[in-house]
Amino acid sequence: MEICSLPVPSKNGKTLDEIRKSAKFHPSIWGDFFLKYNSDNTKISDAEQEELTTKKEMVRKLLAQTPDDSTCKLDLIDVIQRLGVEYHFKNEIEESLKYIHDRYKHQNSEDNDDLRIVALRFRLLRQEGYNVPCDVFRKFIDNEGNFVASLENNVEGLLNLYEAAHLGTHGDEILDRAIDFCSSHLHASLLNKMAKVPLSKRVNEALILNMPIHKTLTRLGARKFIAVYEEDEMHNEMVLNFAKLDFNIVQKMHQRELSDATRWWKKLDVGNKMPYARDRLVECFFWMLGVYFEPCYAKARRILLKCISMASIIDDTYEYATLHELQILTDAIQCWDVNTTLDDLPLYIQMCYKSLIETYIEIEDEMVKTGESYLVHYAIKDMKKLVMAYFEEPNWLYNMYIPTVEEYMKVSLVSCGYMTLSTTSLVGMGNRVRKEDFDWITNEPLIVVASSTICRLMDDLVGDEYEEKPSSVDCYMKQYGMSKEEACAELRRQVKNAWKDMNQECLEPRPASMPILMRVFNLGRVIHLLYSDDDCYANPIKSKEWIKMVLVEPLKI
């Protein structure tokens, strides 16, 4: 029996096709807002550029003059990273952390009894990829295996240990215990209204808002930390002013990019030709800034934005169209023929296919200029793979079939889109990426599977009122006889394990270079933000304030 000849299921007197076509997404809250940003009002003046260069050299000099064997160096590196300006001083920070690692790998320093310093050093080194053992925290454990009671009121120490513990890998039980221990006592400290306001805000961000440093988007985290750091009476005014100026200058670059992207999106005319699809260009751009915000990745951002925008349209099409229409669309995409028109199908299906093909032609034309057009074929191959997974899900729905957990995960780890985005994120990165890196990333390595797992399961945990198809919660409930609460607990456990997989992949010896691994890791960070409590992609009201902070409101200097 052909798939398209299956009877259309019904529910509450309505056919499944009727139900699917009645779903309505929240409209765009941004519209043409970013069109107003142009080359004139986002221009970076010579005076601004000169001031940035001067301040940058001052910070570089401060880095060089601060001894690598001092606590001050650890604090300075941490501040520079959290202020979002680390990308200016990559080499200097790498050299300093190598020295710190080589000197302290035996952990016989006199400051090893200071929990704050030990935890900060541990986190900075693991972030850099050094596989430092978590045994450095054993001196803070009593004979019964518990953290010593004297730490309970050491808020700075507890917060730094809590932050460090999020870099744990499988087998780092002491870090698992640290998260529970620190959570309990930091909650108590918040209830007791700790005296230092900046410290209180840092604890609130990490604990209550569930945004530890390791899972925070660099750009959004920097915007928030700048405000907190400014309130710290010990802050370095010169470093702070440099970070503010850099934030504003980069924000102008992003505004100009988003203005150009808005014009591209308007040409697609999605609102008229595919009105069922979500208009989330601004949210997608914010997503891409989570993957890479640095000015040097403007081309990569532009390409990845087009990819995720197309994936979003296609995803919504597979939630809206009939199975018969989807069968034909799927076959056409697998053939990937620019001359295919799909004239016998509704206009929205024709436009979906046409927009997809033309978008990838645009990307290929851009890559021709640098002699790298062959890389686009990796992206196209992964898009075809994504579409096949998209098609499998409505096929389950029309068959009224709840797959096994194994069947579901095999398809849904692809349909969440992160494998496609991981591959495409490398296309515009230039000479930072080799052909071997594409061969590696398209072979579903552990870090890509882990990032995809976080994406899929966190999406399923918050639920989606617009979707009728089975989720992992349904699969676990049916296959293992679990309650919904038990199924959700299992998914959260798997998400925690996936973060540990990603952490492990970023430690030496690494399967790829850190710039490549961080693209995949950052995709996981975006999902942690957007799907922690609700589906902030389906409901753009939830992400409005974040976008304003990063893309609309400049910092006062």
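Predicted, not measured: the structure shown is a model, and the values here were computed from it. (Residues numbered from 1 in each chain as written. Predicted model: local features only at pLDDT ≥ 70, side-chain atom pairs only at ≥ 80, totals over all residues. Heavy atoms only, no water.)

**Considering the overall build of the protein**
Counted only if it meets this: Elements are defined by DSSP. Helices are runs of H or I of four residues or more, strands are runs of E of two residues or more, and each kind is numbered from the N terminus. Here the globule rule reads 2.2 Å times residues to the power 0.38, and the radius of gyration is calculated from C-alpha atoms. Two residues form a contact once any of their heavy atoms are found within 4.5 Å. Positive charges are assigned to Lys and Arg, negative charges to Asp and Glu, while His and the chain termini are left out of the count. The location of each charge is read from NZ of Lys, CZ of Arg, CG of Asp or CD of Glu.
Broken down by element type, the protein carries 24 helices and two strands. Rg of the C-alpha trace for the protein: 25 Å, near the compact-globule value of 24 Å for 557 residues, within the 12% margin. For the protein, the C-alpha atoms occupy an extent of roughly 75 × 60 × 45 Å along the three principal directions. Within the protein, contacts between residues at least 6 apart in sequence are counted, and of these 75% link residues at least 24 apart. Side-chain charges of the protein comprise 69 positive and 88 negative groups, with the mean position of each set lying 3 Å from the other.

**Some details on the packing of helix α22 (residues 484-505) against helix α23 (residues 514-530)**
As a reminder of what qualifies: Every axis in this analysis is a line fitted to C-alpha atoms, fitted for helices over the stretch in contact. Angles between the N-to-C directions lie between 0 and 180 degrees. Comment on the angle field: the value is read as roughly parallel under 35 degrees, roughly antiparallel over 145, roughly perpendicular from 65 to 115, and oblique elsewhere. Note on convention: near helix rotated counterclockwise from far helix by under a right angle means a left-handed crossing. Clockwise means right-handed. Here the nonpolar group is Ala, Val, Leu, Ile, Met, Phe, Trp, Tyr, Cys and Pro; Asp, Glu, Lys and Arg are the charged ones; every other residue, Gly included, is treated as polar.
Closest axis-to-axis distance for the α22/α23 pair is 10 Å, and the angle between their directions is 155 degrees. Here α22 lies roughly antiparallel to α23, going by the angle between them. Regarding α22 and α23, the two cross each other, and that crossing is left-handed. When α22 is examined against α23, the residues W499, M502, N503 and E505 are found in contact with a partner set consisting of L517, V520, F521, G524, R525 and H528. Of the residues belonging to the contact of α22 with α23, the class tally is five nonpolar, three polar and two charged.

**Some details on the pattern of salt bridges**
In plain terms, the rule: By definition, a salt bridge exists where a carboxyl oxygen of Asp or Glu is found within 4 Å of a side-chain nitrogen of Lys or Arg.
The full count for this structure, using the stated rule, is 37 salt bridges. Across the salt bridge formed by D260 and R263, the nearest N and O atoms sit 2.7 Å from each other. In this pair, D260 and R263 are both assigned in helix α10 (residues 237-268), three residues apart and thus about one turn of the helix distant.

**What about the nonpolar core?**
Stated formally: Within this scheme, the nonpolar core is defined by two criteria: the residues are buried Ala, Val, Leu, Ile, Met, Phe, Trp, Tyr or Cys, and they are joined through side-chain atoms within 4.5 Å. Burial classification: accessible surface area is computed with a 1.4 Å probe over protein chains only, and a residue below 20% of its type maximum counts as buried, one above 50% as exposed, and the rest as partly exposed.
Grouped together as the largest cluster of nonpolar side chains are 130 residues, with contacts concentrated most on F34, W287, Y318, Y360, M383 and Y418. Ranked by the residues each element gives to this core, the list is headed by helix α16 (residues 376-398), at 13 residues. For Y360, the residues in contact, after removing those within four places along its chain, are C307, W336, V376, A379, I380 and M383. If you look at the next biggest cluster of nonpolar residues, it comprises 64 residues, including L52, F181, F225 and I226.

**Focus: the environment of D460**
Applied cut-off: Two N or O atoms form a polar contact when they lie within 3.5 Å of each other; inside protein one atom must be a possible hydrogen donor and the other a possible acceptor, and for residues adjacent in sequence the pair counts only when both atoms belong to side chains.
Mapped onto the elements of the fold, D460 is located in helix α20 (residues 446-462). D460 sits in the buried class, given a relative accessible area of 9%. Residues D460 and D535, spaced 75 residues apart in sequence, show a C-alpha to C-alpha distance of 9.5 Å. The residues contacting D460, other than those within four sequence positions of it, are Y408, S471, S472, V473 and L491. Looking at D460, its side chain comes within polar contact range of the side chain of S472, at 2.6 Å.

**Some thoughts on helix α21 (residues 472-480)**
The test is simple: Within this analysis, the arc is defined by the directions that extend from the helix axis to the C-beta atoms.
The set of residues buried in α21 consists of S472, V473, C475 and Y476. For α21, the angular spread of buried residues about the axis comes to 165 degrees, placing them on one side. The inward-facing, buried residues of α21 contact α17 (405-415), α20 and α22. Two residues or fewer past α21, G481 is found with a positive phi of approximately 65 degrees.

**Section: the side chain of Q251**
Relative to the elements of secondary structure, Q251 occurs in helix α10. Given the relative accessible area of 2%, Q251 is considered buried. A polar atom in the side chain of Q251 sits 3.1 Å from the backbone oxygen of E553.

**What about helix α13 (residues 298-320)?**
Test applied: Given a helix with a known number of residues, its expected span is that number minus one, times 1.5 Å.
Here α13 is 23 residues long and its end C-alpha atoms lie 33 Å apart, about the 33 Å a rise of 1.5 Å per residue gives. Most of α13 sits out of view: 21 of its 23 residues are buried.

**A closer look at the packing of aromatic side chains**
The geometry of two aromatic rings is summed up by the distance between their centres and the angle between their planes. So the rule is basically this: Within 6.5 Å between ring centres, the rings of Phe, Tyr and Trp (the latter by its six-membered ring) count as paired, and their orientation is classed by plane angle as stacked under 30 degrees, edge-to-face over 60, tilted in between. In our convention, an over-ring charge means Lys NZ or Arg CZ found within 6 Å of a ring centre and within 35 degrees of that ring's normal.
One pass over the structure, following the stated rule, counts 23 aromatic pairs. An angle of 70 degrees between the planes, with centres 5.1 Å apart, marks the rings of F122 and F137 as edge-to-face. Taken together, the residues F122 in helix α5 (residues 115-127) and F137 in the loop between α5 and α6 (155-165) connect sequence positions 15 residues apart. Judged by its relative accessible area of 3%, F122 falls in the buried class. Chaining the aromatic ring pairs together yields one cluster made of W30, F33, F34 and Y37. Its guanidinium or amino end placed over the ring of Y104, R121 lies 4.2 Å from that ring's centre, counting from NZ or CZ.

**A look at the side chain of E372**
With respect to the helices, strands and loops of the structure, E372 is situated in the loop between α15 (347-368) and α16. K299 provides the closest opposite charge to the buried, salt-bridge-free E372, at an N-O distance of 4.0 Å. The contacts of E372, once residues within four sequence positions are left out, are K299, M367 and G430.

**A few points about the environment of N522**
For N522, the location among the structural elements is in helix α23. We classify N522 as buried; its relative accessible area is 6%. Each residue touching N522, except ones within four places of it in the same chain, is listed here: G290 and V291.

**Structural notes on the confidence of the model for the protein**
For clarity, the threshold we go by: Values of pLDDT, ranging from 0 to 100, describe the predictor's confidence in every residue of the model.
When pLDDT is averaged along the protein, the result is 94; 96% of the residues meet or exceed 70. With pLDDT under 50 throughout, residues 1-6 is counted as low confidence; its partners more than four residues away or in other chains account for eight contacts.

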